[in-house]
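# Residue-level structural notes
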Amino acid sequence: MKTALITGASSGIGKEFARRYAENGYRLILTARREDILEQLREELKTEIVVIPADLSDEKQCFELLKKLKDEDIDVFINNAGFGLAGSFLTTDVEREINMIKVNDIAMHIMFKGVLQKMDARGSGTILNVASSAGLFPGGPYMAGYYASKAYVVSLTRAVVQELKEKGSKVHVCALCPGPVDTDFNRNADVVFSLKGISASQCVSECLKEMNRKKTVIVPSVLMKAAVSLSKLVPAGLLTAMTGHQQKKKTGQI
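These numbers were taken from a predicted model, which means no experiment stands behind them. (Residues numbered from 1 in each chain as written. Predicted model: local features only at pLDDT ≥ 70, side-chain atom pairs only at ≥ 80, totals over all residues. Heavy atoms only, no water.)

### Quick look at the sheet that holds strand β6 (residues 172-176)
Taken together, 7 strands build an open sheet; the order of strands is β3-β2-β1-β4-β5-β6-β7 and the sheet is parallel. In this open sheet, the two edge strands, each paired with only one partner strand, are β3 (49-51) and β7 (217-218). (Pairing = 2+ DSSP bridges. Helix = DSSP H or I, 4+ residues; strand = E, 2+ residues; numbered from the N terminus.)

Structure, rendered in structure tokens:
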């Protein structure tokens, strides 16, 4: 039986990935802060599930999690834990911002590296780093830290893909870069999407297809693909201003 490891598995995209891999007969290792929700998933899903609660904003817990996974053969890793924060950079809470960076970047990096080393040594595996379409834009005023944190995920993923290609590794690494998705993200980030979000189910369905095709950067939905393609034709300064205008709408400032 193959094994899928999923971080941030208690809600949204992570929870939907857990359902899909369970349906496909995978054994699951699920982690998130909310152990009670993970236990509910264990009861709901018809597969073998290992629950490991962890707060990945704590660097020590990231390394402890990797130690617990030492003897596990992981076939798929959905590196999904993360959250957003909206508002002017002048006024957003710095502790909450740093916490976001710890989860979106530091925890992502630690877990990515640790699991990748295991997979590369074994000679197989797939890792999906969950980023955002935000990471494909030059900047996002009024969600400045979030956009920057997701740009880190995309940049790191692309670079590692090239390194693996040059060494002939059989491990496939990719990044998921969705636009708005109907999850708890907007409530947690204190924003209202200016565009209608796709469902977590649609996001995961399109992502799984692109993962099977060995795509590196995966952008679900035709609308978001078009937006990302068109953004490449707009000068960076103008695109940043346009993005900032959209973020103001989300936060209710205009």
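There's plenty left to go through after this.
### Looking at the pattern of salt bridges
Tallying each qualifying case throughout the model produces 12 salt bridges. For the salt bridge of E16 with R19, the shortest nitrogen-to-oxygen distance reads 3.6 Å. You can see E16 and its partner R19 sitting in helix α1 (residues 12-23), 3 residues apart, about one turn around the helix. For the salt bridge of R20 with E16, the shortest nitrogen-to-oxygen distance reads 3.0 Å. Here the residue R20 and the residue E16 both occupy positions in helix α1, the gap between them amounting to 4 residues, near one helical turn. R20 sits in the buried class, given a relative accessible area of 13%. Salt bridges here are not isolated pairs; linked through shared partners, they connect E16, R19, R20 and E44. (Salt bridge = Lys/Arg side-chain N within 4 Å of Asp/Glu carboxyl O. Buried < 20%, exposed > 50% of the residue type's maximum accessible area, 1.4 Å probe, protein only.)

### Regarding empty space enclosed by the protein
Under the counting rule described, the total for this entry stands at 1 cavity of 30 Å³ or more. If you add up the space inside the largest cavity, you get close to 40 Å³. Contributing to the lining of the largest cavity are L85, A86, G87, F89, T92, E97, M100, Y142, M143, A144, G145 and Y146. Mapped by element, the contributors of at least two residues to the lining of the largest cavity are α4 (94-122) and α5 (144-167). Element by element, the count of residues in the lining of the largest cavity is highest for α5, at 3 residues. Considering only residue class, the lining of the largest cavity consists of 8 nonpolar, 3 polar and 1 charged. (1 Å grid on protein atoms, 1.4 Å probe; cavity = no way out; pocket = protein on both sides within 12 Å on 5 of 7 lines; lining within 4 Å. Points joined across faces, edges and corners; volume = space filled by probe spheres on them. Nonpolar A, V, L, I, M, F, W, Y, C, P; charged D, E, K, R; others polar.)

### Concerning the nonpolar core
Generally speaking, soluble globular proteins have nonpolar side chains that are buried together. Core analysis: the largest hydrophobic core is formed by 44 residues, its most contacted members being L5, L69, F77, F112, V115, L116 and I127. If you list the elements that add at least two residues to this core, you get α3 (59-68), α4, α5, β6 and α8 (222-231). Among the elements that line this core, the one with the most residues is α4, at 10 residues. With residues up to four places along the chain from it excluded, the contact list for L5 reads I29, L69, I74, V76, F77, I78, M111 and V115. Residues A22, I78, L128 and A200 belong to the second largest nonpolar core, which totals 32 residues. (Core = buried A, V, L, I, M, F, W, Y, C linked by side-chain atoms within 4.5 Å. Contact = heavy atoms within 4.5 Å.)

### So, the pairing of strand β5 (residues 126-130)
In terms of residue burial, β5 counts as a mostly covered element, since 5 of its 5 residues are buried. What you see with β5 is no split at all: T126, L128 and V130 on one side and I127 and N129 on the other are buried throughout. Taken together, the 4 bridges between strand β4 (residues 76-79) and β5 define a ladder with parallel strand orientation. The residue of β5 that forms the bridge with I78 is L128. Note that the unit made of β4, α4 and β5 has a crossover that is right-handed. Where β5 meets β6, 5 bridges bridge the pair, whose relative direction is parallel. In the strand pairing of β6, L128 is matched with C174. (Right-handed = clockwise from strand over helix to strand, strands pointing away.)

### Focus: unusual backbone geometry
Glycine aside, residues mostly have negative phi angles, and peptide bonds mostly take the trans form. Positive phi, close to 75 degrees, is recorded for Y142, a residue that is not glycine. By the secondary structure assignment, Y142 is in the loop between β5 and α5. Its identity is not glycine, yet K214 carries a phi of approximately 65 degrees, on the positive side. Within the secondary structure, K214 sits in the loop between α7 (200-212) and β7.

### Section: α4
With 29 residues, α4 ought to run about 42 Å at 1.5 Å a step, and its terminal C-alpha atoms sit 41 Å apart, in line with that. At K102, α4 shows its maximal bend, which comes to roughly 35 degrees. For α4, the N-terminal cap is D93; the gap from its side-chain oxygen to the backbone nitrogen of E95 is 3.3 Å. With its phi angle positive at about 95 degrees, G123 sits one or two positions after the end of α4. (Expected span 1.5 Å × (residues − 1). Bend = angle between axes of the 7 residues up to and from the residue. Polar contact = N/O pair within 3.5 Å; in protein donor to acceptor, adjacent residues only side chain to side chain.)

Coordinates in, geometry out; function isn't part of it.
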